[in-house]
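For reference, the chains in residue letters:
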Amino acid sequence: KPSALDDLGRLKAALDGLIREPWRDPGPEMLRTVIDRSGLFWESKLRRLLETNRSGKESASLLAQKDLKGALAKCITGGKDNGDLIRRLFSLLEQVQRFNHVARQEDGRLFLPLPLQLPDGETNVAQILIRPDREEAKQRPEDSEGGFRLSLVMALSAMGPLRIDLSVRQNRIRSVF
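On a predicted model such as this, the values are computed, not experimentally measured, just so you know.

Take the sheet that holds strand 2 (residues 123-132) next. Ordered by their spatial adjacency, 5 strands build an open sheet running 1-2-3-4-5, and the pairing between neighbours is antiparallel. Both outer strands of the open sheet, strand 1 (110-117) and strand 5 (172-176), are each paired with one neighbouring strand and no more. Here the average twist between neighbouring strands, direction ignored, is 20 degrees. When strand 1 meets strand 2, the two strands line up antiparallel, connected through 8 bridges. Across the sheet, the residue bridging to P113 is Q127, located in strand 2. Across the sheet, helix 7 (residues 84-107) is in contact with strand 1 and strand 2; its angle to strand 1 comes to roughly 140 degrees.

Dropping the structure here:
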């Protein structure tokens, strides 16, 4: 039976796979990898696993190795108390999931907190909010393809707070820093 240290080791590996690994060689799939490993889609992954009728326990353990929420759940259910911090991080992920569920239904918003390690070694969280561009749609109703707005916020130790707002519609991007 795995010990609490084994579970914490897997959690550390999941965090490393989320924070450091994808950013070492940034490419077009990097953002998808970070979002996939963020823990925000853990339950969806488990549902797909059960629908494909694979061996649940073993496959779920493999899934948890590359998913933050899965690794946290494994630490919590491992039978040993690994501390309040793990439970609070798990709860935070669930709160973000609930917010996204309600926000997507109300007006199509999606919030993504993305942990990352900057080149200087600093670990940070980029907060991304994606929402439909309703203002542009009102100004140009003949434009059938809907655009979206993206806001990125993070604090950088050397520069201070950073906010970038993007408006994307068809092949146009407008930005404000």
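With respect to the element layout, F99 can be found in helix 7. You can call F99 partly exposed: its relative accessible area is 34%. Expressed as a C-alpha distance, the spacing of F99 and F111, which sit 12 residues apart in the sequence, is 8.0 Å.

Before going further, it helps to spend a moment on helix 7. Taking 1.5 Å of rise per residue, 24 residues should cover 34 Å, and helix 7 covers 34 Å from first to last C-alpha, within 8% of that figure. Among the residues of helix 7, those classed as buried are I86, F90, L93, V96, Q97, N100 and A103. With its phi angle positive at about 80 degrees, G108 sits one or two positions after the end of helix 7.

Looking now at unusual backbone geometry. Even without glycine at this site, Q170 takes up a positive phi of about 50 degrees. Here Q170 is to be found in the loop between strand 4 (160-169) and strand 5. Residue classification places Q170 among the partly exposed positions, given a relative accessible area of 39%.

A separate point is helix 3 (residues 30-37). Every buried residue belonging to helix 3 is among M30, V34, I35 and R37, and all of these are buried. Where helix 3 ends, the next residue or the one after it, G39, has phi of about 95 degrees, a positive value.

So, about the side chain of Q97. Mapped onto the elements of the fold, Q97 is located in helix 7. The exposure class assigned to Q97 is buried, which follows from its relative accessible area of 17%. Looking at Q97, its side chain comes within polar contact range of the side chain of E43, at 2.9 Å. Those residues in contact with Q97 that sit more than four places away from it in its chain are G39, L40, F41, E43 and K69.

Below, the discussion takes up the side chain of K45. Positionally, K45 belongs in helix 4 (residues 42-51). A polar contact of 2.7 Å, which involves the side chain of K45, links it to the side chain of D67. Once you skip the residues sitting within four places of it in the chain, K45 turns out to touch D36, R37, L63, K66 and D67.

The rules we used
Residues numbered from 1 in each chain as written. Predicted model: local features only at pLDDT ≥ 70, side-chain atom pairs only at ≥ 80, totals over all residues. Heavy atoms only, no water. Pairing = 2+ DSSP bridges. Helix = DSSP H or I, 4+ residues; strand = E, 2+ residues; numbered from the N terminus. Axes fitted to C-alpha atoms, helices over the stretch in contact; angles between N-to-C directions. Contact = heavy atoms within 4.5 Å. Buried < 20%, exposed > 50% of the residue type's maximum accessible area, 1.4 Å probe, protein only. Expected span 1.5 Å × (residues − 1). Polar contact = N/O pair within 3.5 Å; in protein donor to acceptor, adjacent residues only side chain to side chain.

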